[in-house]
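Listed here are the chains, written in short residue letters.
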Amino acid sequence: MKLTLIGNGFMAQALAKGLIKKFEVEIIGRDINKLKKVKELIPAIEIKELEDAEDINGKNVIFCVKPYALQSVAARLEGEANILFSILAGTSLESLRKQIKSKYYVRVMPNVAASVSKSATTLTGDKEVKKLAHEIFEYIGKAVWVDTEKELDIATAVAGSGPAFLCLIAEALSDGAVKAGLNRKISNELVQGLFEGYAKLLENNHPAIIKDSVMSPGGTTAAGVAKIEEGAVRSHMIKAIEAAHNKAVEIGKK
Ligand SMILES: NC(=O)C1=CN([C@@H]2O[C@H](COP(=O)(O)OP(=O)(O)OC[C@H]3O[C@@H](n4cnc5c(N)ncnc54)[C@H](O)[C@@H]3O)[C@@H](O)[C@H]2O)C=CC1
Ligand SMILES: O=C(O)[C@@H]1CCC=N1
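Residues numbered from 1 in each chain as written. Chains lettered and ligands numbered in written order. Predicted model: local features only at pLDDT ≥ 70, side-chain atom pairs only at ≥ 80, totals over all residues. Heavy atoms only, no water.

Peer 1: Looking at this structure, how should I read the nonpolar core?
Peer 2: Taken as a class, soluble globular proteins show a tendency for nonpolar side chains to be buried jointly. Counting 31 residues, the largest nonpolar core has Leu5, Leu15, Leu19, Ile62, Phe85, Val106 and Phe137 as its most contacted members. Broken down by secondary-structure element, the contributors of at least two residues to this core are strand 1 (2-6), helix 1 (10-19), strand 2 (24-29), helix 2 (32-41), strand 7 (81-86), strand 8 (102-109), helix 5 (130-137) and strand 10 (141-145). (Core = buried A, V, L, I, M, F, W, Y, C linked by side-chain atoms within 4.5 Å. Buried < 20%, exposed > 50% of the residue type's maximum accessible area, 1.4 Å probe, protein only. Helix = DSSP H or I, 4+ residues; strand = E, 2+ residues; numbered from the N terminus.)

In structure tokens:
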């Protein structure tokens, strides 16, 4: 099966790296020089410059441009795709249906870890292609189908934007270690190992149980946790998800 990615940005490249293991991948973009650079990085892909009347008839398209570019790119597409997968944050199935012709529509919310085939991806849309959507997006990591777009917009906040939130935590932990006197290289290495080990533990344990197992009475962890609570970090994480979700909904209304 051939997959046609429209857009040649960061996420298109991240998806292509995983999808190429199983599928033929074509990337259509507006800048041939950028496309040639992408081909140098992922030689197995086909590249094609976006035409003014780009024929998508019968193709399985993964739409990877920015949400604001939907209208201008859609106007250049001709014919009816077989499946239109869209990774555009906030952009509703209704809006896609109005602007791009396709037999089936699926919204997809991957994340940056697609570049290492470890995305936590959420899918929703036409149930006729649910199984196929799963099969395709499992090549970039874990894929979960939800029944509503509301759930996908929440998933956008927690799994799409989530890596950036974790980056702030990772950077801050390393900064703290550097502030205390550890060198940057060792601090970063320890934080990387910390996330790797924690991800493994999280597969089978609730975070509260892991926390309790680390936190000794009167110990170092308890001292640190008390400081974190002073800064209302948990409350602000909840607010961050709320804000990111609200933004996805707002993008959808434009
Ligand atoms: N970056 C991330 O972690 C995630 C991004 N997304 C979604 O993925 C989509 C792409 O995001 P990125 O790859 O991060 O952005 P990017 O800026 O790296 O790529 C955007 C692509 O759209 C193309 N484009 C923009 N305007 C265009 C136009 N008028 N005509 C033709 N092509 C046009 C650009 O040339 C570029 O290839 C967005 O809709 C975003 O919501 C979804 C999940 C995670
Ligand atoms: O920030 C954004 O809009 C995109 C969508 C999910 C992750 N990045």
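Next comes the rest of the description.
Peer 1: What is the right way to look at the domain arrangement of the chain in this model?
Peer 2: It is common to report an interface's size as the accessible area lost on association of the parts. One can read the domain layout of the chain as domain 1 (2-146) and domain 2 (162-251). In this structure, domain 1 and domain 2 have C-alpha centres spaced 32 Å apart. (Domains from an automatic or database assignment.)

Peer 1: Explain the environment of Glu46 here, please?
Peer 2: Along the chain, Glu46 falls in strand 3 (residues 46-49). Among the residues examined, Glu46 registers a relative accessible area of 36% and is labelled partly exposed. Taking the C-alpha atoms as reference points, Glu46 and Phe85, separated by 39 residues in sequence, lie 19 Å from one another. Every residue in contact with Glu46, bar those within four places of it in the chain, is listed here: Lys2, Glu24, Val25, Glu26 and Ile27. (Contact = heavy atoms within 4.5 Å.)

Peer 1: I'm lost on the site of ligand 1 in this one. Help?
Peer 2: Inspection of the region around ligand 1 gives 18 residues, with Asn8, Gly9, Phe10, Met11 and Val65 positioned closest. A distance of 2.6 Å separates an oxygen atom of ligand 1 from a polar atom in the backbone of Val65. Summarising the interface, the protein chains cover 80% of the accessible area of ligand 1, which totals 830 Å² for the free molecule. Taken together, the elements giving at least two residues each to the shell around ligand 1 come down to helix 1 and helix 3 (70-74). (Near = heavy atom within 4 Å. Polar contact = N/O pair within 3.5 Å; in protein donor to acceptor, adjacent residues only side chain to side chain. Areas by Shrake-Rupley, 256 points an atom, 1.4 Å probe, with all protein chains shown as cover.)

Peer 1: What is the right way to read the UniProt feature "binding site: NADP(+)" (unreviewed entry) in the chain from this model?
Peer 2: The positions that UniProt labels "binding site: NADP(+)" (unreviewed entry) are, in the present scheme, Ile6, Gly7, Asn8, Gly9, Phe10 and Met11. In this structure, Gly7 sits in the loop between strand 1 and helix 1. The exposure class of Gly7 is buried, given its relative accessible area of 10%. Excluding residues that lie within four positions of it along the chain, Gly7 makes contacts with Ala12, Ile27, Ile28, Cys64 and Val65. With respect to the helices and strands, Phe10 occurs in helix 1. Overall, the relative accessible area of 57% leaves Phe10 in the exposed class. (UniProt positions renumbered as here; feature names shortened; annotations may be inferred.)

Peer 1: Just checking my understanding: could you explain the pattern of salt bridges for this structure?
Peer 2: Oppositely charged side chains can pair when the atoms bearing their charge come close. One pass over the structure, following the stated rule, counts 18 salt bridges. A salt bridge links Glu54 to Lys48, with the nearest nitrogen and oxygen atoms 2.8 Å apart. The salt bridge involving Asp212 is made with Lys211; its shortest N-O contact spans 3.2 Å. Taking the relative accessible area as the measure of exposure, Asp212 reaches 48% and is therefore partly exposed. Note on Lys211: relative accessible area 38%, which makes it partly exposed. Members of the salt-bridge network, linked through shared partners, are Lys48, Glu51 and Glu54. (Salt bridge = Lys/Arg side-chain N within 4 Å of Asp/Glu carboxyl O.)

Peer 1: What am I meant to see in the site of ligand 2 here?
Peer 2: Taken together, Ala89, Gly160 and Ser161 make up the full set of residues adjacent to ligand 2. Here ligand 2 has 250 Å² of accessible area as a free molecule, and 46% of this is covered by the chains.

Peer 1: Sorry, what's going on with the UniProt feature "domain: Pyrroline-5-carboxylate reductase dimerisation" (unreviewed entry) in the chain here?
Peer 2: With numbering matched to this structure, UniProt assigns "domain: Pyrroline-5-carboxylate reductase dimerisation" (unreviewed entry) to residues 149-250. Annotated as residues 149-250, this span is 85% helix and 0% strand, and its ends, taken at the C-alpha atoms, are 13 Å apart.

Peer 1: Help me out: how do you make sense of the packing of aromatic side chains in this one?
Peer 2: Across all of its chains, the model carries 2 aromatic pairs by this definition. Considering the side-chain rings of Phe23 and Tyr139, the 5.6 Å spacing of their centres and the 80° angle between planes classify their relative orientation as edge-to-face. With Phe23 in the loop between helix 1 and strand 2 and Tyr139 in the loop between helix 5 and strand 10, this pair connects stretches of sequence that are 116 residues apart. Judged by relative accessible area, Phe23 falls into the buried class, the value being 10%. (Phe/Tyr/Trp six-rings, centres within 6.5 Å; stacked < 30°, edge-to-face > 60°.)

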